[in-house]
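This is what each chain is made of:
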Amino acid sequence: MSNVSRLSQASNFQGATSPLRLLVLSNGHGEDMIAVRILQELQRQSNPPEIFALPLVGEGRAYQQLDIPVIGSVRTMPSGGFIYMDNRQLVRDVRGGLLQLTLSQIKAVRRWVNSQKKLGNKRAILAVGDIVPLLFATFSGANYAFVGTAKSEYYVRDEAGLLPRKSKDARWENFSGSVYHPWERWLMSRRRCKAVFPRDALTAEILKQWPIPAFNLGNPMMDGLEPTFSRQQFYSQDAQQQETVRPFVLTLLPGSRPPEAYNNWETIMIAVSALMASFQERNSIFYTSKTVVLLGAIAPGLDSNILSQSVQSQGWRTESASPIKISDPNILTFKQRNAYLLLTQQAYNDCLHLGDLAIAMAGTATEQFIGLGKPAIAIPGNGPQYNPAFAEAQSRHLGSSLILVDQPAEVAKVVQSLFKDPDILQIIAENGLRRMGKPGAALRIAECLLERLA
(Lines give C-alpha, C1' and ligand atoms only; values in the text may rest on other atoms or scores of the structure.)
Protein backbone atom coordinates (compact mmCIF):
# COMPACT_ATOMS: atom_id res chain seq x y z
CA MET A 1 0.00 0.00 0.00
CA SER A 2 1.36 3.43 -0.92
CA ASN A 3 2.05 6.18 1.62
CA VAL A 4 -0.68 8.27 -0.02
CA SER A 5 -3.23 5.49 0.53
CA ARG A 6 -2.20 5.10 4.16
CA LEU A 7 -2.51 8.86 4.77
CA SER A 8 -5.92 8.89 3.09
CA GLN A 9 -7.17 6.04 5.26
CA ALA A 10 -5.79 7.65 8.42
CA SER A 11 -7.49 10.93 7.53
CA ASN A 12 -10.82 9.21 6.93
CA PHE A 13 -10.51 7.30 10.20
CA GLN A 14 -9.74 10.49 12.12
CA GLY A 15 -12.72 12.26 10.51
CA ALA A 16 -15.03 9.41 11.49
CA THR A 17 -13.93 9.24 15.13
CA SER A 18 -13.05 12.83 16.02
CA PRO A 19 -15.86 14.73 17.73
CA LEU A 20 -17.94 17.39 16.07
CA ARG A 21 -16.86 20.99 16.70
CA LEU A 22 -20.01 22.92 17.60
CA LEU A 23 -20.28 26.70 17.84
CA VAL A 24 -23.32 27.97 19.75
CA LEU A 25 -24.76 31.43 18.99
CA SER A 26 -27.40 32.96 21.25
CA ASN A 27 -28.77 36.45 21.77
CA GLY A 28 -30.01 36.95 25.32
CA HIS A 29 -29.83 35.67 28.88
CA GLY A 30 -32.85 33.41 28.46
CA GLU A 31 -31.47 32.09 25.17
CA ASP A 32 -28.13 31.39 26.87
CA MET A 33 -29.89 29.31 29.52
CA ILE A 34 -31.84 27.30 26.93
CA ALA A 35 -28.63 26.69 24.98
CA VAL A 36 -26.81 25.57 28.12
CA ARG A 37 -29.50 23.01 28.93
CA ILE A 38 -29.01 21.45 25.49
CA LEU A 39 -25.22 21.63 25.78
CA GLN A 40 -25.27 19.85 29.15
CA GLU A 41 -27.14 16.98 27.53
CA LEU A 42 -24.69 16.96 24.62
CA GLN A 43 -21.78 16.73 27.04
CA ARG A 44 -23.33 13.61 28.59
CA GLN A 45 -23.38 11.74 25.27
CA SER A 46 -20.87 8.97 24.52
CA ASN A 47 -19.09 10.99 21.80
CA PRO A 48 -19.83 14.61 22.79
CA PRO A 49 -18.92 17.51 20.50
CA GLU A 50 -16.20 19.98 21.34
CA ILE A 51 -18.25 23.08 22.17
CA PHE A 52 -17.53 26.77 21.63
CA ALA A 53 -19.86 29.72 22.18
CA LEU A 54 -20.48 33.29 21.12
CA PRO A 55 -23.22 35.10 23.06
CA LEU A 56 -24.37 37.94 20.81
CA VAL A 57 -26.04 39.78 23.73
CA GLY A 58 -24.57 40.01 27.21
CA GLU A 59 -21.44 38.42 28.64
CA GLY A 60 -22.46 34.76 28.42
CA ARG A 61 -21.92 33.88 32.06
CA ALA A 62 -23.97 30.70 31.62
CA TYR A 63 -21.32 29.42 29.20
CA GLN A 64 -18.50 30.47 31.50
CA GLN A 65 -19.98 28.32 34.28
CA LEU A 66 -19.66 25.28 31.99
CA ASP A 67 -16.08 26.28 31.03
CA ILE A 68 -17.14 26.64 27.40
CA PRO A 69 -14.68 28.92 25.56
CA VAL A 70 -16.10 32.12 24.05
CA ILE A 71 -14.60 32.87 20.62
CA GLY A 72 -15.23 36.60 20.23
CA SER A 73 -16.09 39.94 21.81
CA VAL A 74 -18.99 40.15 24.25
CA ARG A 75 -20.61 43.18 25.81
CA THR A 76 -23.78 43.99 27.74
CA MET A 77 -25.95 46.46 25.83
CA PRO A 78 -28.10 49.13 27.58
CA SER A 79 -31.35 47.44 26.47
CA GLY A 80 -30.41 44.05 27.92
CA GLY A 81 -31.57 42.56 24.62
CA PHE A 82 -35.14 43.92 24.58
CA ILE A 83 -34.83 46.15 21.53
CA TYR A 84 -37.72 44.50 19.67
CA MET A 85 -40.29 46.01 22.00
CA ASP A 86 -38.98 49.57 21.99
CA ASN A 87 -37.15 51.44 19.22
CA ARG A 88 -35.64 53.77 21.81
CA GLN A 89 -33.76 50.79 23.26
CA LEU A 90 -32.29 50.11 19.81
CA VAL A 91 -31.04 53.70 19.58
CA ARG A 92 -29.38 53.34 22.99
CA ASP A 93 -27.69 50.11 21.90
CA VAL A 94 -26.40 51.65 18.68
CA ARG A 95 -24.90 54.51 20.67
CA GLY A 96 -23.42 51.90 23.01
CA GLY A 97 -21.46 50.27 20.19
CA LEU A 98 -23.92 47.67 18.86
CA LEU A 99 -22.84 47.97 15.21
CA GLN A 100 -19.14 47.67 15.98
CA LEU A 101 -19.81 44.69 18.25
CA THR A 102 -21.92 42.95 15.59
CA LEU A 103 -19.24 43.39 12.91
CA SER A 104 -16.56 41.98 15.19
CA GLN A 105 -18.82 39.00 16.02
CA ILE A 106 -19.48 38.26 12.33
CA LYS A 107 -15.71 38.21 11.74
CA ALA A 108 -15.22 35.95 14.78
CA VAL A 109 -17.74 33.38 13.45
CA ARG A 110 -16.12 33.30 10.00
CA ARG A 111 -12.66 33.06 11.56
CA TRP A 112 -13.77 30.09 13.69
CA VAL A 113 -15.38 28.26 10.75
CA ASN A 114 -12.31 28.80 8.54
CA SER A 115 -9.91 27.63 11.24
CA GLN A 116 -11.90 24.44 11.81
CA LYS A 117 -12.06 23.86 8.05
CA LYS A 118 -8.28 24.20 7.70
CA LEU A 119 -7.81 21.69 10.51
CA GLY A 120 -10.07 19.25 8.71
CA ASN A 121 -12.57 19.16 11.58
CA LYS A 122 -16.27 18.48 11.18
CA ARG A 123 -17.95 21.73 12.19
CA ALA A 124 -21.49 23.02 12.75
CA ILE A 125 -23.37 25.90 14.34
CA LEU A 126 -26.30 25.86 16.74
CA ALA A 127 -28.26 29.13 16.63
CA VAL A 128 -30.53 29.80 19.61
CA GLY A 129 -32.94 32.73 19.65
CA ASP A 130 -34.33 34.71 16.74
CA ILE A 131 -33.35 35.80 13.24
CA VAL A 132 -30.04 37.36 14.36
CA PRO A 133 -28.17 34.17 15.33
CA LEU A 134 -29.98 32.39 12.48
CA LEU A 135 -28.50 34.91 10.02
CA PHE A 136 -25.04 34.44 11.50
CA ALA A 137 -25.39 30.67 11.10
CA THR A 138 -26.78 30.79 7.56
CA PHE A 139 -23.90 32.85 6.16
CA SER A 140 -21.16 31.14 8.18
CA GLY A 141 -20.49 28.49 5.52
CA ALA A 142 -21.09 25.64 7.99
CA ASN A 143 -24.01 23.29 8.55
CA TYR A 144 -26.36 24.59 11.23
CA ALA A 145 -29.44 23.98 13.35
CA PHE A 146 -31.84 26.50 14.84
CA VAL A 147 -33.70 26.58 18.16
CA GLY A 148 -36.43 29.19 17.73
CA THR A 149 -37.20 30.78 21.09
CA ALA A 150 -38.68 34.13 20.05
CA LYS A 151 -41.72 33.10 18.00
CA SER A 152 -44.70 30.82 18.30
CA GLU A 153 -47.78 30.36 16.13
CA TYR A 154 -49.78 30.81 19.34
CA TYR A 155 -49.06 34.53 19.02
CA VAL A 156 -51.42 34.66 16.04
CA ARG A 157 -53.57 31.51 16.23
CA ASP A 158 -54.67 28.58 18.33
CA GLU A 159 -55.84 25.12 17.31
CA ALA A 160 -59.21 26.57 16.22
CA GLY A 161 -57.77 29.20 13.87
CA LEU A 162 -56.50 32.79 13.73
CA LEU A 163 -56.98 34.99 16.79
CA PRO A 164 -59.09 38.16 16.46
CA ARG A 165 -56.88 41.27 16.55
CA LYS A 166 -57.91 44.90 16.99
CA SER A 167 -55.01 46.55 15.20
CA LYS A 168 -54.59 46.49 11.42
CA ASP A 169 -50.84 46.40 11.97
CA ALA A 170 -51.27 43.04 13.69
CA ARG A 171 -51.94 41.41 10.31
CA TRP A 172 -48.26 41.94 9.54
CA GLU A 173 -47.39 39.24 12.06
CA ASN A 174 -49.05 36.58 9.94
CA PHE A 175 -49.22 38.08 6.44
CA SER A 176 -47.55 35.09 4.75
CA GLY A 177 -49.34 32.27 6.55
CA SER A 178 -46.93 31.90 9.46
CA VAL A 179 -45.56 33.93 12.33
CA TYR A 180 -42.17 33.20 10.74
CA HIS A 181 -41.86 35.54 7.74
CA PRO A 182 -40.72 34.36 4.26
CA TRP A 183 -37.13 35.54 4.75
CA GLU A 184 -36.91 33.65 8.05
CA ARG A 185 -38.34 30.53 6.42
CA TRP A 186 -35.80 30.93 3.60
CA LEU A 187 -33.00 30.85 6.18
CA MET A 188 -34.49 27.71 7.75
CA SER A 189 -34.94 25.92 4.41
CA ARG A 190 -31.34 26.19 3.16
CA ARG A 191 -29.55 22.93 2.35
CA ARG A 192 -27.09 23.47 5.20
CA CYS A 193 -29.89 23.90 7.75
CA LYS A 194 -30.18 20.38 9.13
CA ALA A 195 -32.76 20.87 11.90
CA VAL A 196 -35.20 23.45 13.27
CA PHE A 197 -36.63 23.12 16.78
CA PRO A 198 -39.68 25.39 17.29
CA ARG A 199 -41.19 26.20 20.67
CA ASP A 200 -44.28 24.02 20.36
CA ALA A 201 -46.16 21.45 18.30
CA LEU A 202 -48.40 24.01 16.59
CA THR A 203 -45.44 26.01 15.28
CA ALA A 204 -43.68 22.86 14.07
CA GLU A 205 -46.83 21.77 12.26
CA ILE A 206 -47.14 25.10 10.42
CA LEU A 207 -43.44 25.18 9.43
CA LYS A 208 -43.69 21.72 7.90
CA GLN A 209 -45.85 23.24 5.13
CA TRP A 210 -42.55 24.43 3.66
CA PRO A 211 -39.30 22.46 3.02
CA ILE A 212 -38.10 23.12 6.56
CA PRO A 213 -36.65 20.27 8.69
CA ALA A 214 -38.84 21.13 11.71
CA PHE A 215 -38.91 18.77 14.71
CA ASN A 216 -41.46 18.90 17.52
CA LEU A 217 -39.28 17.85 20.47
CA GLY A 218 -40.56 20.19 23.16
CA ASN A 219 -39.34 23.34 24.89
CA PRO A 220 -36.10 23.19 26.98
CA MET A 221 -37.57 25.93 29.20
CA MET A 222 -39.53 23.19 31.00
CA ASP A 223 -36.38 21.19 31.84
CA GLY A 224 -34.57 21.37 35.16
CA LEU A 225 -37.61 22.51 37.17
CA GLU A 226 -37.83 19.56 39.56
CA PRO A 227 -38.68 20.55 43.16
CA THR A 228 -36.48 19.61 46.11
CA PHE A 229 -39.33 17.75 47.83
CA SER A 230 -40.59 14.34 46.79
CA ARG A 231 -43.57 14.24 44.46
CA GLN A 232 -44.80 11.17 46.35
CA GLN A 233 -46.18 13.37 49.11
CA PHE A 234 -49.00 14.39 46.76
CA TYR A 235 -50.11 10.78 46.42
CA SER A 236 -49.95 9.57 50.02
CA GLN A 237 -52.93 7.92 51.71
CA ASP A 238 -53.92 11.10 53.50
CA ALA A 239 -53.38 13.34 50.43
CA GLN A 240 -57.06 14.29 50.25
CA GLN A 241 -57.13 15.32 53.91
CA GLN A 242 -53.90 17.29 53.49
CA GLU A 243 -55.39 19.08 50.48
CA THR A 244 -58.34 20.35 52.55
CA VAL A 245 -56.16 21.77 55.33
CA ARG A 246 -53.11 22.97 53.43
CA PRO A 247 -52.67 26.73 52.93
CA PHE A 248 -53.59 28.56 49.74
CA VAL A 249 -50.27 29.42 48.06
CA LEU A 250 -49.57 32.27 45.64
CA THR A 251 -46.23 32.61 43.88
CA LEU A 252 -44.96 36.15 43.20
CA LEU A 253 -42.77 36.62 40.10
CA PRO A 254 -41.39 40.18 39.76
CA GLY A 255 -38.78 39.41 37.08
CA SER A 256 -35.02 39.34 37.40
CA ARG A 257 -33.59 42.59 35.99
CA PRO A 258 -32.99 45.60 38.24
CA PRO A 259 -34.26 48.27 38.48
CA GLU A 260 -37.37 47.05 36.65
CA ALA A 261 -37.90 44.13 39.04
CA TYR A 262 -38.01 46.50 42.04
CA ASN A 263 -40.73 48.59 40.39
CA ASN A 264 -42.61 45.40 39.50
CA TRP A 265 -42.39 44.27 43.13
CA GLU A 266 -44.00 47.51 44.32
CA THR A 267 -46.88 46.88 41.92
CA ILE A 268 -47.23 43.27 43.04
CA MET A 269 -47.35 44.35 46.70
CA ILE A 270 -50.30 46.66 45.91
CA ALA A 271 -52.07 43.67 44.38
CA VAL A 272 -51.25 41.55 47.43
CA SER A 273 -52.70 44.14 49.81
CA ALA A 274 -55.96 44.26 47.82
CA LEU A 275 -56.03 40.47 47.73
CA MET A 276 -55.56 40.15 51.49
CA ALA A 277 -58.40 42.61 52.07
CA SER A 278 -60.71 40.63 49.77
CA PHE A 279 -60.02 37.41 51.66
CA GLN A 280 -61.50 39.02 54.79
CA GLU A 281 -64.86 39.65 53.09
CA ARG A 282 -67.62 37.21 54.03
CA ASN A 283 -68.52 36.43 50.44
CA SER A 284 -64.92 35.49 49.65
CA ILE A 285 -64.26 31.89 48.65
CA PHE A 286 -61.20 32.07 50.92
CA TYR A 287 -63.02 33.58 53.91
CA THR A 288 -62.77 30.34 55.93
CA SER A 289 -59.16 29.62 54.90
CA LYS A 290 -56.90 29.27 57.91
CA THR A 291 -53.65 30.24 56.19
CA VAL A 292 -52.49 32.01 53.04
CA VAL A 293 -48.86 31.79 51.91
CA LEU A 294 -47.19 34.10 49.40
CA LEU A 295 -43.90 32.91 47.92
CA GLY A 296 -41.64 35.61 46.51
CA ALA A 297 -39.37 33.90 43.96
CA ILE A 298 -36.54 36.43 43.91
CA ALA A 299 -33.67 36.29 41.42
CA PRO A 300 -30.21 35.96 43.03
CA GLY A 301 -29.10 39.21 41.39
CA LEU A 302 -31.69 41.31 43.25
CA ASP A 303 -31.17 43.00 46.62
CA SER A 304 -33.51 41.30 49.11
CA ASN A 305 -33.19 44.25 51.51
CA ILE A 306 -34.94 46.55 49.02
CA LEU A 307 -37.77 44.04 48.64
CA SER A 308 -38.02 43.51 52.41
CA GLN A 309 -38.47 47.24 52.99
CA SER A 310 -41.33 47.27 50.52
CA VAL A 311 -42.97 44.31 52.29
CA GLN A 312 -42.70 45.91 55.72
CA SER A 313 -44.05 49.22 54.43
CA GLN A 314 -47.27 47.33 53.61
CA GLY A 315 -47.73 46.26 57.25
CA TRP A 316 -45.98 42.88 57.28
CA ARG A 317 -43.83 42.04 60.31
CA THR A 318 -40.90 39.65 60.48
CA GLU A 319 -41.67 36.12 61.64
CA SER A 320 -39.46 33.17 62.58
CA ALA A 321 -41.85 30.27 61.80
CA SER A 322 -43.42 29.29 58.48
CA PRO A 323 -46.39 26.99 57.69
CA ILE A 324 -44.52 25.36 54.78
CA LYS A 325 -40.96 24.14 54.35
CA ILE A 326 -38.73 25.77 51.75
CA SER A 327 -35.19 24.56 51.02
CA ASP A 328 -33.51 27.89 51.69
CA PRO A 329 -31.68 28.51 54.99
CA ASN A 330 -31.63 32.26 54.29
CA ILE A 331 -35.34 32.61 53.61
CA LEU A 332 -37.03 35.78 54.92
CA THR A 333 -40.45 35.28 56.50
CA PHE A 334 -43.11 37.90 57.23
CA LYS A 335 -46.63 37.65 58.67
CA GLN A 336 -49.84 39.67 58.50
CA ARG A 337 -53.04 38.32 60.06
CA ASN A 338 -53.41 34.74 58.78
CA ALA A 339 -51.01 35.26 55.87
CA TYR A 340 -47.30 34.56 55.51
CA LEU A 341 -44.98 36.09 52.91
CA LEU A 342 -41.70 34.32 52.19
CA LEU A 343 -38.80 35.75 50.19
CA THR A 344 -36.36 33.21 48.75
CA GLN A 345 -33.46 33.50 46.34
CA GLN A 346 -32.53 29.81 46.40
CA ALA A 347 -35.78 27.85 45.98
CA TYR A 348 -37.13 28.96 42.63
CA ASN A 349 -38.31 25.51 41.55
CA ASP A 350 -40.13 24.92 44.83
CA CYS A 351 -41.93 28.25 44.44
CA LEU A 352 -43.17 27.18 41.01
CA HIS A 353 -44.43 23.79 42.19
CA LEU A 354 -46.00 24.92 45.47
CA GLY A 355 -47.97 27.85 44.04
CA ASP A 356 -51.66 27.42 43.21
CA LEU A 357 -51.55 30.65 41.25
CA ALA A 358 -49.00 33.32 40.35
CA ILE A 359 -49.02 37.09 40.25
CA ALA A 360 -46.50 37.60 37.50
CA MET A 361 -44.52 40.38 35.87
CA ALA A 362 -41.81 38.21 34.31
CA GLY A 363 -40.97 36.58 31.01
CA THR A 364 -39.51 33.10 31.34
CA ALA A 365 -40.71 32.53 34.91
CA THR A 366 -44.33 33.19 33.94
CA GLU A 367 -44.15 30.72 31.07
CA GLN A 368 -42.56 28.04 33.25
CA PHE A 369 -45.22 28.45 35.93
CA ILE A 370 -47.99 28.14 33.35
CA GLY A 371 -46.20 25.17 31.78
CA LEU A 372 -46.79 23.32 35.05
CA GLY A 373 -50.53 23.63 34.39
CA LYS A 374 -51.30 26.61 36.61
CA PRO A 375 -52.92 30.01 36.08
CA ALA A 376 -51.08 33.31 36.33
CA ILE A 377 -52.35 36.88 36.60
CA ALA A 378 -50.18 39.49 34.91
CA ILE A 379 -49.95 43.24 35.47
CA PRO A 380 -48.20 45.13 32.64
CA GLY A 381 -45.41 47.37 33.93
CA ASN A 382 -43.25 50.13 32.48
CA GLY A 383 -40.55 47.90 30.98
CA PRO A 384 -38.14 47.69 29.31
CA GLN A 385 -39.18 44.03 29.37
CA TYR A 386 -42.56 43.62 31.03
CA ASN A 387 -44.36 46.50 29.37
CA PRO A 388 -47.93 46.46 27.93
CA ALA A 389 -46.77 45.31 24.47
CA PHE A 390 -44.79 42.40 25.92
CA ALA A 391 -47.59 41.38 28.30
CA GLU A 392 -50.20 41.49 25.53
CA ALA A 393 -48.04 39.31 23.27
CA GLN A 394 -47.37 36.91 26.12
CA SER A 395 -51.10 36.59 26.86
CA ARG A 396 -51.71 35.57 23.24
CA HIS A 397 -48.88 33.06 23.44
CA LEU A 398 -50.12 31.50 26.68
CA GLY A 399 -53.86 31.75 26.01
CA SER A 400 -56.34 31.16 28.83
CA SER A 401 -53.58 30.39 31.33
CA LEU A 402 -52.51 34.05 31.57
CA ILE A 403 -55.04 36.66 32.66
CA LEU A 404 -54.08 40.31 32.09
CA VAL A 405 -55.36 43.07 34.37
CA ASP A 406 -54.83 46.80 33.94
CA GLN A 407 -54.52 47.67 37.64
CA PRO A 408 -53.07 45.66 40.56
CA ALA A 409 -56.29 46.04 42.57
CA GLU A 410 -58.12 43.96 39.94
CA VAL A 411 -56.12 40.84 40.87
CA ALA A 412 -58.43 40.10 43.82
CA LYS A 413 -61.56 39.73 41.66
CA VAL A 414 -59.78 37.46 39.19
CA VAL A 415 -58.52 35.17 41.96
CA GLN A 416 -61.98 34.86 43.45
CA SER A 417 -63.61 34.03 40.10
CA LEU A 418 -60.95 31.51 39.09
CA PHE A 419 -61.28 29.37 42.17
CA LYS A 420 -65.07 29.35 42.07
CA ASP A 421 -64.95 27.38 38.81
CA PRO A 422 -62.98 24.08 38.85
CA ASP A 423 -63.77 23.55 35.15
CA ILE A 424 -61.81 26.68 34.21
CA LEU A 425 -58.83 25.48 36.26
CA GLN A 426 -58.91 22.15 34.43
CA ILE A 427 -58.96 23.90 31.03
CA ILE A 428 -56.06 26.10 32.16
CA ALA A 429 -54.06 23.07 33.31
CA GLU A 430 -54.44 21.31 29.97
CA ASN A 431 -53.71 24.50 28.03
CA GLY A 432 -50.46 25.22 29.88
CA LEU A 433 -49.11 21.71 29.37
CA ARG A 434 -50.00 21.79 25.67
CA ARG A 435 -48.42 25.17 24.97
CA MET A 436 -45.19 24.67 26.90
CA GLY A 437 -44.62 20.93 26.37
CA LYS A 438 -43.30 18.05 28.45
CA PRO A 439 -39.92 18.07 30.25
CA GLY A 440 -36.97 16.34 28.60
CA ALA A 441 -36.76 18.51 25.46
CA ALA A 442 -33.06 19.33 25.93
CA LEU A 443 -32.09 15.64 25.79
CA ARG A 444 -34.32 14.98 22.80
CA ILE A 445 -32.84 17.98 20.94
CA ALA A 446 -29.26 16.96 21.86
CA GLU A 447 -29.77 13.47 20.47
CA CYS A 448 -31.30 14.87 17.28
CA LEU A 449 -28.43 17.35 16.85
CA LEU A 450 -25.82 14.58 16.97
CA GLU A 451 -27.81 12.56 14.47
CA ARG A 452 -28.28 15.48 12.05
CA LEU A 453 -24.98 17.36 12.43
CA ALA A 454 -22.32 14.80 13.32
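Above this text is the structure in question.
Residues numbered from 1 in each chain as written. Predicted model: local features only at pLDDT ≥ 70, side-chain atom pairs only at ≥ 80, totals over all residues. Heavy atoms only, no water.

Tell me about the overall build of the protein, residues and numbers included.
Counting its secondary structure elements, the protein contains 17 helices and 15 strands. For the protein, the proportion of its 454 residues judged to be buried stands at 51%. Taking the intrachain contacts of the protein between residues at least 6 apart in sequence as the baseline, contacts between residues at least 24 apart amount to 65%. For the protein, the exposed surface amounts to about 22,100 Å²; the carbon and sulfur share of it is 52%. (Helix = DSSP H or I, 4+ residues; strand = E, 2+ residues; numbered from the N terminus. Buried < 20%, exposed > 50% of the residue type's maximum accessible area, 1.4 Å probe, protein only. Contact = heavy atoms within 4.5 Å. Areas by Shrake-Rupley, 256 points an atom, 1.4 Å probe, with all protein chains shown as cover.)

Could you give an account of the packing of aromatic side chains, with specific residues and numbers?
Using the criterion set out here, one finds eight aromatic pairs in the structure. When the centroid spacing of 5.1 Å and the interplanar angle of 85 degrees are considered together, the rings of Phe248 and Phe419 count as edge-to-face. One end of the pair, Phe248, is in strand β8 (residues 248–253); the other, Phe419, is in the loop between α15 (411–418) and α16 (422–436), with 171 residues separating them in the sequence. Judged by relative accessible area, which is 8%, Phe248 ranks as buried. Ring plane angle 55 degrees and centroid distance 5.5 Å describe the contact between Tyr386 and Phe390, whose orientation is recorded as tilted. In this structure, Tyr386 and Phe390 share a single accessibility class: buried. Feature note: the residues Trp172, Phe175 and Trp183 constitute an aromatic cluster, connected by ring pairs. (Phe/Tyr/Trp six-rings, centres within 6.5 Å; stacked < 30°, edge-to-face > 60°.)

If you had to explain the pairing of strand β9 (residues 292–297) to someone new, which residues and values would you point to?
Of all six residues that make up β9, six are buried, and the element is covered over most of its length. Here β9 shows two buried faces, one formed by Val292, Leu294 and Gly296 and the other by Val293, Leu295 and Ala297. In the sheet, β8 pairs with β9 via five bridges, with the strands oriented parallel. Counted as the bridge partner of Val249 is Val293 from β9. With six bridges connecting them, β9 and strand β12 (residues 339–344) associate as parallel partners. By the bridge assignment, Ala297 is partnered in β12 with Thr344. (Pairing = 2+ DSSP bridges.)

Hey, could you go over the side chain of Arg37 for me, with residue numbers and the actual values?
Mapped onto the secondary structure, Arg37 falls in helix α2 (residues 29–43). As a buried residue without a salt bridge, Arg37 has its nearest oppositely charged side chain in Asp223, at a separation of 6.0 Å. Of note is the side chain of Arg37, whose polar atom sits 3.3 Å from the backbone oxygen of Asp223. Residues within four places of Arg37 in sequence aside, it is in contact with Pro220, Met221, Asp223, Gln368 and Ala442. (Lys, Arg positive; Asp, Glu negative; His and termini not counted. Salt bridge = Lys/Arg side-chain N within 4 Å of Asp/Glu carboxyl O. Polar contact = N/O pair within 3.5 Å; in protein donor to acceptor, adjacent residues only side chain to side chain.)

I'd like a description of the pattern of salt bridges, backed by residues and values.
For the structure on display, the rule yields ten salt bridges. A salt bridge links Glu153 to Arg157, with the shortest nitrogen-to-oxygen separation between them at 2.9 Å. Between Glu392 and Arg396 there is a salt bridge; the shortest N-O distance is 2.9 Å. One end of the pair, Glu392, and the other, Arg396, are both in helix α14 (residues 388–398), four residues apart, so they sit about a helical turn from each other. Residue class for Arg396 comes out buried when judged on its relative accessible area of 11%. Overlapping salt bridges, with partners in common, bring together Arg165, Glu173, Glu392 and Arg396 in one network.

How would you explain the sheet that holds strand β14 (residues 376–378) if you had to name every residue and give the values?
Here eight strands make up an open sheet; going across it, the order is β10-β11-β12-β9-β8-β13-β14-β15 and the pairing mixed. Two strands lie at the open edges of the sheet, namely β10 (317–318) and β15 (402–404), each paired on one side alone. Inspection of the sheet shows strand β11 (residues 332–336) paired to β12 by five bridges, in the antiparallel sense. Counted as the bridge partner of Gln336 is Ala339 from β12. Together, β8, β13 (357–360), β14 and β15 form the strand contacts of helix α13 (residues 364–371), whose direction differs from that of β8 by roughly 150 degrees. (Axes fitted to C-alpha atoms, helices over the stretch in contact; angles between N-to-C directions.)

So what's going on with helix α11 (residues 304–313)? Residues and values would help.
Residues of α11 that are buried include every one of Ser304, Leu307, Ser308, Ser310 and Val311, and no others. In a view along the axis of α11, the buried residues occupy a sector of 160 degrees, so they form one face of it. Opposite its buried face, α11 presents the exposed residues Gln309 and Ser313, each directed more than 90 degrees away. Among the structural elements, α10 (260–279), β11 and β12 are those in contact with the buried residues of α11. Capping the start of α11, Asp303 holds a side-chain oxygen 2.9 Å from the backbone nitrogen of Asn305, two or three residues further along. Taken from the residues just after α11, Gly315 is the one with a positive phi, measuring 95 degrees. (Arc of directions from axis to C-beta.)

Describe in detail the environment of Val70, supporting the description with residues and values.
In this structure, Val70 sits in the loop between α3 (61–65) and α4 (87–95). According to the relative accessible area criterion, Val70 is partly exposed, its value standing at 31%. Residues Val70 and Val24 lie 46 residues apart in sequence; the distance between their C-alpha atoms is 9.4 Å. If sequence neighbours within four positions are ignored, Val70 has contacts with Ala53, Leu54 and Pro55.

Describe the nonpolar core, listing the residues and the values that go with them.
Counting 97 residues, the largest nonpolar core has Ile38, Trp316, Leu341 and Ile359 as its most contacted members. If one sorts the elements of this core by residue count, α10 sits on top with ten residues. Sequence-distant contacts of Leu341, defined by excluding residues within four places in its chain, comprise Leu252, Trp265, Met269, Leu294, Val311, Trp316, Leu332, Thr333 and Phe334. Membership of the second largest hydrophobic core comes to 29 residues, among which are Leu23, Ala108, Val179 and Tyr180. (Core = buried A, V, L, I, M, F, W, Y, C linked by side-chain atoms within 4.5 Å.)

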